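# Per-entry structural report
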Amino acid sequence: MNETTKEILKTVADFDGEFKGAYNIRVNGACASRQSTEHIKIETKSDAPGLVVTIDADTIGETVYVPACVTEGGVDDLVYNDFYVGENADVTIVAGCGVHSDDAADAKHNGIHRFFLGKGSKVLYKEKHIGTGKGKGAKRINPVTDAYLENGAVLTMDTIQLSGVDTTDRKTTAKLAENAKIVVRERLLTDGEEYAKTDFDVILEGVNSGADIVSRSVAKGNSKQEYFSRIIGKAACTGHTECDAILAGNGKVYATPALYAENEDASLIHEAAIGKIAGEQLLKLRTLGLTEAEAEEKIIMGFLK
Amino acid sequence: MLELRNISWNVPGGKEVLKDINLIIPDGKLVVITGPNGSGKTTLAKIIAGIVEPTSGSIFLDGEDITGLNITERAKKGISFAFQQPVRFKGITVRDLLELSAGKELNQAELCDLLGKVGLCTRDYIDREVNAALSGGEIKRIEIATVLARGTSYSVFDEPEAGIDLWSFTGLIKVFEELKKKNHGTQVIISHQERIINIADEVVVIADGVVRNTGAKEKILPTLLASDKTVGGCPVEMRGAK
Ligand SMILES: Nc1ncnc2c1ncn2[C@@H]1O[C@H](COP(=O)(O)OP(=O)(O)OP(=O)(O)O)[C@@H](O)[C@H]1O
Ligand SMILES: [Mg+2]
């Protein structure tokens with residue numbers, strides 16, 4: 001494992017030389033190392049590049065790591081990972097991705113992840129993305145996440161992308177049965193000429209299902225972001241989608257939240273707020289002795305924490 | 001010593017709010033500024049902190065003209081300001097804000113000490129965000145704690161008692177008395193409260209944009225309580241005007 005790979009793994013998956021538990025490390029489209037555990041089995045997918053991760057019913061408190069690294073230009077990685085989570089399991093899945101290019105060629109990762117959450121299971125899905133390297137080649141990450149939640153399942157997605165990814169196109173869909181919940185916390189910072197698009201499509205099919213999607217983002221430099229979010233309520237359910245964006249420099253943000261209520265007991269809310277940092281916030285921090293630039297940095301970092 | 005010389009301020013393109021204010025705030029003294037709503041007290045405090053630029057006049061700190069210094073520079077000179085309407089932040093916790101105020105990391109004991117002074121239990125508040133979920137009284141206490149955390153020689157509190165319940169009042173008064181003792185701190189407190197005026201070394205009454213009266217509380221307090229000229233509304237000649 002080279003230094004670039006180690007750096008990326010440390011940033012995106014808190015790698016400190018080893019992973020405790022089940023893991024699969026993917027580097028430049030190939031499996032660098034893998035380990036299954038008693039309750040979490042990782043196998044090679046037979047019909048496409050990727051993995052099948054099977055988590056036994058009632059597995060509690062374990063973490064599985066499936067980070068992917070692209071460490072050089074000219075790599076266009078495509079991977080399909082399926083996660084089958086057994087009934088009443090309660091696990092954490094860490095799937096960070098880092099793309100690095102030191103040359104003129106693009107480095108690209110497309111991860112297509114499907115989650116099948118069994119009855120009563122709980123998953124915390126952590127996904128951190130980063131682009132590094134000084135090459136002219138563009139760093140691109142395009143994740144697709146499709147989640148299917150059975151009765152009472154809960155999926156919490158914690159996604160973060162703070163720097164270096166030239167373009168990202170995220171597509172997340174979820175279909176929820178009764179009593180299932182999806183919670184999304186997305187944090188995004190773009191700068192320079194970067195572009196990020198994020199698109200959520202959540203179908204609340206079951207009675208008492210719920211979605212809470214919150215995206216916080218900062219668009220600096222000349223960067224541009226697009227936020228789409230659609231919640232479809234087909235039963236008595238609750239849905240909330242929120243896009244909260246800060247503009248700095250010449251950043252642009254387009255937010256298009258949408259609600260489709262198809263049942264009279266569906267209760268859906270959307271919020272979108274886009275604007276500069278509130279002047280009062282800068283003033284307060286400056287009265288504490290911070291310069292304007294320091295204050296801006298603290299406010300943004302707090303906002304994206 | 002903080003000195004305001006001939007300070008005036010106009011609403012941009014509008015009325016004159018402060019008219020030729022002259023004030024001296026001696027070292028180690030607690031000065032309470034009081035006066036009717038809208039008389040210009042907050043504006044004056046913001047002029048001291050550098051948030052509002054006076055239309056004319058100058059400000060001296062220990063003999064140095066600081067009129068041209070910006071907010072950050074004045075903060076670094078030792079001026080702290082607790083806002084009448086504290087600012088809320090998404091994602092910044094009480095701990096973050098106090099550490100930014102102190103300019104260093106704070107240990108548990110230091111945090112307990114600061115929050116204890118404003119009557120908040122550290123355990124309940126330290127990791128809470130300073131956001132819209134805090135109640136009016138809670139955020140007001142945290143605002144005061146940010147000034148205490150800085151521990152500078154000059155503190156300006158804009159209506160610190162507003163929204164703070166009666167039970168905590170005694171504790172709050174103690175905070176101001178302690179501040180005065182410690183490093184000979186100089187304090188300006190804007191207040192409408194008799195109990196705060198009572199601990200003042202000097203009271204300044206601002207009305208209609210001028211210093212209406214100034215002196216020891218024994219002299220000023222009776223005039224405040226006796227006066228009924230502060231009844232609001234339109235000037236007589238405007239009442240009933242079409
Ligand atoms: N930016 C502004 N634009 C227009 N008017 C302003 C502005 N700032 C202050 N004023 C006006 O100046 C006057 C003084 O305001 P200031 O906030 O200083 O009053 P105050 O004495 O602190 O009142 P209170 O006791 O209600 O806090 C008020 O009439 C206010 O409406
Ligand atoms: Mg005021």
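None of these values were measured; they are calculated from a predicted model.

## Comments concerning the overall build of chain A
- Assigned secondary structure in chain A consists of 3 helices and 21 strands.
- Its C-alpha radius of gyration of 20 Å places chain A within 12% of the 19 Å reference for a compact globule of 305 residues.
- Along the first, second and third principal axes, the C-alpha atoms of chain A reach 55 × 55 × 35 Å.
- Looking at chain A as a whole, 52% of its 305 residues are labelled buried.
- Contacts in chain A between residues far apart in sequence, at least 24 positions, make up 80% of those at least 6 positions apart.

## A closer look at the coordination of the magnesium ion (ligand 2)
Residues and elements named next belong to chain B.
- In the first shell of the magnesium ion (ligand 2), the protein supplies Thr42 (OG1) and Gln84 (OE1), at 1.9 to 2.2 Å from the metal. Placement of Thr42 in helix α1 (residues 41-49) and of Gln84 in the loop between β6 (79-82) and α3 (94-102) is noted, with a sequence separation of 42 residues between them.
- The partly exposed category is assigned to Gln84, whose relative accessible area is 29%.

## Points about the confidence of the model for chain B
Residues and elements named next belong to chain B.
- Summary statistics for chain B give a mean pLDDT of 89 and a share of 93% for residues scoring 70 or more.
- Taken together, the stretch residues 238-242 has pLDDT below 50 and engages in 2 contacts with residues farther than four places along the chain or on a different chain.
- Complex prediction metrics read pTM 0.87 and ipTM 0.92.

## Focus on unusual backbone geometry
- The phi dihedral of Asn208(A) falls on the positive side, at around 65 degrees, and the residue is not glycine.
- Note on placement: Asn208(A) falls in the loop between β16 (195-204) and β17 (209-219).
- With a phi close to 50 degrees, Asp208(B) is a non-glycine residue in the positive phi region.
- Among the secondary structure elements, Asp208(B) is positioned in the loop between β9 (202-207) and β10 (210-215).
- Among the residues examined, Asp208(B) registers a relative accessible area of 55% and is labelled exposed.

## Considering the packing of aromatic side chains
- Throughout the structure, instances matching the rule amount to 10 aromatic pairs over all chains.
- Their ring planes at 20 degrees and their centres at 4.3 Å tell us that Phe19(A) and Tyr65(A) sit as a pair that is stacked. Of this pair, Phe19(A) sits in the loop between α1 (3-13) and β1 (22-27) while Tyr65(A) sits in strand β5 (residues 60-65), and the two are 46 residues apart along the sequence.
- The class for Phe19(A) is buried, based on a relative accessible area of 6%.
- Ring centres of Phe81(B) and Phe83(B) lie 5.0 Å apart, and the angle between their planes is 35 degrees; on these two criteria the pair is classed as tilted. This pair shows no difference in class: Phe81(B) is buried, exactly as Phe83(B) is.

## Considering the packing of helix α2 (residues 279-287) of chain A against helix α3 (residues 292-303) of chain A
All names here are of chain A.
- The contact between α2 and α3 brings their axes to 9 Å, and the two run at 115 degrees. Where α2 crosses over α3, the handedness of that crossing is right-handed. Residues Gln281, Leu282, Leu285 and Arg286 of α2 form the contact with α3, whose own contacting residues are Glu292, Ala295, Glu296, Lys298 and Ile299.

## Quick word on the interface of chain B and chain A
- The partner chain A presents 18 residues to the 25 residues of chain B that form the contact.
- Summed over both sides, the interface between chain B and chain A buries roughly 1,900 Å², with carbon and sulfur atoms accounting for 61% of that surface.
- Looking only at chain B, the three residues that lose the most surface to chain A are Ile71(B), Lys90(B) and Leu100(B), adding up to 30% of its buried area.
- Measuring nitrogen to oxygen at the nearest pair gives 2.9 Å for the salt bridge that ties Lys284(A) to Glu143(B).
- At the level of elements, α2 (71-76), β6, α3 and α6 (136-150) of chain B are the ones that each hand at least two residues to the side of chain B that touches chain A.
- Among the residues forming the side of chain B that touches chain A, the class breakdown is 11 nonpolar, 7 polar and 7 charged.

## Structural notes on the sheet that holds strand β4 (residues 56-61) of chain B
Residues and elements named next belong to chain B.
- Pairing is antiparallel in the open sheet, where 4 strands are placed in the order β2-β1-β4-β5. Each of the sheet's edge strands pairs with one partner strand only, and the pair in question is β2 (16-25) and β5 (64-65).
- The sheet contact formed by β4 and β5 spans 2 bridges and is antiparallel. Among the inter-strand pairings, Leu61 is bridged to a residue of β5, identified as Glu64.
- Contacts from α1 reach β1 (2-10), β2 and β4 within the one sheet, and its direction differs from that of β1 by about 120 degrees.

## Considering a negative patch on the surface
- On the surface, Glu38(A), Asp56(A), Asp58(A), Glu87(A) and Glu150(A) cluster together into a patch of negative charge.
- Of note, Glu87(A) is situated in the loop between β7 (75-85) and β8 (90-94).

## A short note on the site of ligand 1
Residue and element names in this part refer to chain B.
- In the vicinity of ligand 1, 15 residues are found, and the nearest of them are Asn37, Gly38, Lys41, Thr42 and Thr43.
- Contact between ligand 1 and Thr42: an oxygen atom at 2.7 Å from a side-chain N or O atom of the residue.
- The side chain of Thr43 places a nitrogen or oxygen atom 2.6 Å from an oxygen atom of ligand 1.
- When the free accessible area of ligand 1 is taken as 640 Å², the share hidden by the protein chains comes to 62%.
- Among the residues making up the shell around ligand 1, the classes are represented as 4 nonpolar, 8 polar and 3 charged.

## So, the environment of Glu64(B)
All names here are of chain B.
- Summarising the element assignment, Glu64 is placed in strand β5.
- Judged by its relative accessible area of 34%, Glu64 falls in the partly exposed class.
- Each C-alpha atom of the pair Glu64 and Leu23 lies 15 Å from the other, and the pair is 41 residues apart in sequence.
- Those residues within four positions of Glu64 in sequence are excluded, and the remaining contacts are Ile59 and Lys77.

## Looking at the pattern of salt bridges
- Taken as a whole and assessed by the stated rule, the structure comprises 28 salt bridges over all chains.
- Among the salt bridges present, the one from Asp47(A) reaches Lys45(A), with a minimum N-O distance of 4.0 Å.
- The class for Asp47(A) is exposed, based on a relative accessible area of 64%.
- For Lys45(A), a relative accessible area of 12% puts it in the buried group.
- One salt bridge connects Glu110(B) with Lys104(B), and the closest N-O pair in it is separated by 3.2 Å.
- When its relative accessible area of 46% is taken as the criterion, Lys104(B) is described as partly exposed.
- Within this structure, Lys45(A), Asp47(A), Asp82(A) and Arg114(A) form a network of salt bridges that share partners.

Reading the values: the criteria
- Residues numbered from 1 in each chain as written.
- Chains lettered and ligands numbered in written order.
- Predicted model: local features only at pLDDT ≥ 70, side-chain atom pairs only at ≥ 80, totals over all residues.
- Heavy atoms only, no water.
- Helix = DSSP H or I, 4+ residues; strand = E, 2+ residues; numbered from the N terminus.
- Rg over C-alpha atoms; globule rule 2.2 N^0.38 Å.
- Buried < 20%, exposed > 50% of the residue type's maximum accessible area, 1.4 Å probe, protein only.
- Contact = heavy atoms within 4.5 Å.
- Donors = N, O, S within 2.8 Å, 3.2 Å for Na, K, Ca; no water.
- pLDDT = per-residue confidence, 0-100.
- Phe/Tyr/Trp six-rings, centres within 6.5 Å; stacked < 30°, edge-to-face > 60°.
- Axes fitted to C-alpha atoms, helices over the stretch in contact; angles between N-to-C directions.
- Left-handed = near helix turned anticlockwise from the far one by under 90°.
- Buried area = accessible area lost by both parts, 1.4 Å probe.
- Salt bridge = Lys/Arg side-chain N within 4 Å of Asp/Glu carboxyl O.
- Nonpolar A, V, L, I, M, F, W, Y, C, P; charged D, E, K, R; others polar.
- Pairing = 2+ DSSP bridges.
- Patch = residues over 30% accessible without salt bridge, like charges linked within 9 Å, V, L, I, M, F, W, Y side chains within 5 Å.
- Areas by Shrake-Rupley, 256 points an atom, 1.4 Å probe, with all protein chains shown as cover.
- Lys, Arg positive; Asp, Glu negative; His and termini not counted.
- Charge placed at Lys NZ, Arg CZ, Asp CG, Glu CD.
- Near = heavy atom within 4 Å.
- Polar contact = N/O pair within 3.5 Å; in protein donor to acceptor, adjacent residues only side chain to side chain.

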